[in-house]
Amino acid sequence: MAKLYLTTTLPYVNADPHIGFALEIIQADALARFWRAQGHEVFFNTGTDEHGVKIYNKASEAGLEPKVYVDLFAKKFQELLPALNISNDINFIRTTDSSHIASAQEFWKQVMKNGFIYKKLYQIKYCNGCELEKTDSELENNHCPLHPSKEIEIREEENYFFKFSAFQDKLLKLYDEQPDFVVPTSRFNEIKAFVGRGLEDFSISRLASKMPWGIPVPDDPSQTMYVWFDALVNYISAIGWPHSAEATRGKPGKFFEWWPPARSERGSTRSGGVTQIAGKDNLRQQSAMWQAMLMACDLPPSKQIIIHGFITSGGQKMSKSLGNVINPLDLVKEYGVDALRYYLLRHIHPFEDSDFTLEKFKEVYNAHLANGLGNLVSRVMKLSEKYLIAEVAKDSPQVTRGLSLAPTNFPTEITEAMASYNYNLAMDYIWAKIGTADAYVQSTEPFKTINTDPEKAKKDITHLVNELSIIAFLLQPFLPATSAKITEAINNNHLPEPLFMRK
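One structure accompanies this document, and this report is about it. Predicted, not measured: the structure shown is a model, and the values here were computed from it.

1. Topic: the pattern of salt bridges
Opposite charge on two side chains makes pairing possible when the charged atoms of those side chains draw close. Taken as a whole and assessed by the stated rule, the structure comprises 22 salt bridges. D29 is the salt-bridge partner of R341, the closest N and O atoms lying 2.9 Å from each other. Pair noted here: R341 is in helix α12 (residues 337-346) and D29 is in helix α1 (residues 19-37), with a separation of 312 residues, a long-range link. For the pair shown, R341 and D29 are each scored as buried. With its nearest N and O atoms 3.3 Å apart, the salt bridge here joins K119 to D220. Here K119 is found in strand β4 (residues 117-127), whereas its partner D220 is found in strand β11 (residues 220-225), with 101 residues between them in sequence. Looking at K119, the relative accessible area reads 36%, which means it is partly exposed. Here the residues in one salt-bridge network are E50, K67, D71 and R94, joined through shared partners.

Here is the structure:
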């Protein structure tokens, strides 16, 4: 089986976690759990992006030193992970970690040594919301379409630049050689068009006198690293670059176990490599800027970039800057973690923008969880507990097959859906099975036939318990807590507490 590396972006710690990040980390967790269920070894990475002018200003407004400020907010993101039942072996990296700082500075040195960093005086139009330079073609009425309430800033100073323009042909070649490099296709076409129009070098430092909260530029303390050039390096610093890339005893370093060369010694395409999940506002940074940076440092490109849409509210992007965010912890407290995981994985489109309202969330919760899956489990386990002794239910050949399903027994519909990152289609398949099981209860009515034909009724109940065990197995990557509760109820042949209380 393969060694697979999966990472989210690193959210900015200038506000509390919101449901947009919950979407990204839950999507990633479902994928990581699915890969592990198939027998793969997975390195799952997330963390926090803690440098930059926005954070420096927020800390100043709060009357705190920047490090104290980021420590407070990083803790909130760390505490969110167990609250969302994210895999407990996840790696959490902070860009203020000393190991990351050392990696970022070494990365700078390597790119400088290779001739892709230079210094110049310049003037740009700059969006503080994106922390990115903007060309006139990217602006609408001189405003960034992603941050329409923020004024575009005109900046002029002497900074270091990255020779992004040197990588146009190399990036286009990468896109041609890896036709599924960006998912979905619409986003891939978007970045290919962007690169195809020509690339401009971009600034990768700021004057330390203006922005002291950042990683110092090696050999030039008057400058600090631009936030993107610092934060993107986390994907390799998380697995120990550069030290873990060093060969020992004639063997490649540990770094290349997770980030293998683009092609093996035999010339075949690598099977491992990093898969990155990011929002559509990160498309350029992840699939063009970061890939060019890797090339500049003589490192292999990423394996694949998965781009999701925004969660909107009333048609507007749900974001901290617009003040229309929903705290995922509030939903977990009211409805439970698997209710939130269910909604985000099935009812938020994996690639396009999706609107979210509390009314719709409650409606779906009652229809599909409380009255759907939860009601089915209660009905079947009530029958099983009453009419099947524990030994019969546990030792039934049908039930045993269900409980010991091998990873390769994931149905084709789910493996294909997860291979294309269509979490919603995988969930649709499971809920179709739930609907079929519910219809079986209605058509066979074992609660009635137990009195007229007890043998048939017990066979029907056993079939339903078997179906529940399969449903529990399939739910493992998506609703892990619910999956465990159903499996425990079957193993103990015991009616559980309601999985989802009606609201």
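There's more to say after this.
2. As for helix α16 (residues 412-419)
For α16, the full list of buried residues reads I414, A417 and M418. Projection of α16 onto a plane perpendicular to its axis shows the buried side chains occupying an angular sector of 95 degrees, all on one side. Residues of α16 that are exposed and angled more than 90 degrees away from the buried face: E416 and A419. On the buried face of α16, the contacting elements are α1, α17 (423-444) and α19 (454-475).

3. Here we look at the packing of helix α5 (residues 168-177) against helix α10 (residues 283-296)
Between two packed helices, both the angle of their axes relative to each other and the distance between the axes serve to describe the pair. Remark: α5 packs on α10, axes separated minimally by 10 Å, with the N-to-C direction vectors making an angle of 110 degrees. Of the possible angle classes, the one that applies to α5 and α10 is roughly perpendicular. Packed against α5, whose contacting residues are K170, L171, L174 and Y175, the element α10 presents S287, A288, Q291, A292 and M295 at the interface. Residues that form the contact of α5 with α10 fall into these classes: six nonpolar, two polar and one charged.

4. Details of a nonpolar patch on the surface
Taken together, the side chains of L64, V68 and L72 make up a nonpolar region of the molecular surface, amounting to roughly 230 Å² of accessible area. Judged by its relative accessible area of 41%, V68 falls in the partly exposed class.

So, how was this worked out
Residues numbered from 1 in each chain as written. Predicted model: local features only at pLDDT ≥ 70, side-chain atom pairs only at ≥ 80, totals over all residues. Heavy atoms only, no water. Salt bridge = Lys/Arg side-chain N within 4 Å of Asp/Glu carboxyl O. Helix = DSSP H or I, 4+ residues; strand = E, 2+ residues; numbered from the N terminus. Buried < 20%, exposed > 50% of the residue type's maximum accessible area, 1.4 Å probe, protein only. Arc of directions from axis to C-beta. Contact = heavy atoms within 4.5 Å. Axes fitted to C-alpha atoms, helices over the stretch in contact; angles between N-to-C directions. Parallel < 35°, antiparallel > 145°, perpendicular 65-115°, else oblique. Nonpolar A, V, L, I, M, F, W, Y, C, P; charged D, E, K, R; others polar. Patch = residues over 30% accessible without salt bridge, like charges linked within 9 Å, V, L, I, M, F, W, Y side chains within 5 Å. Areas by Shrake-Rupley, 256 points an atom, 1.4 Å probe, with all protein chains shown as cover.

Remember, this is a structural readout, not a statement about activity or role.
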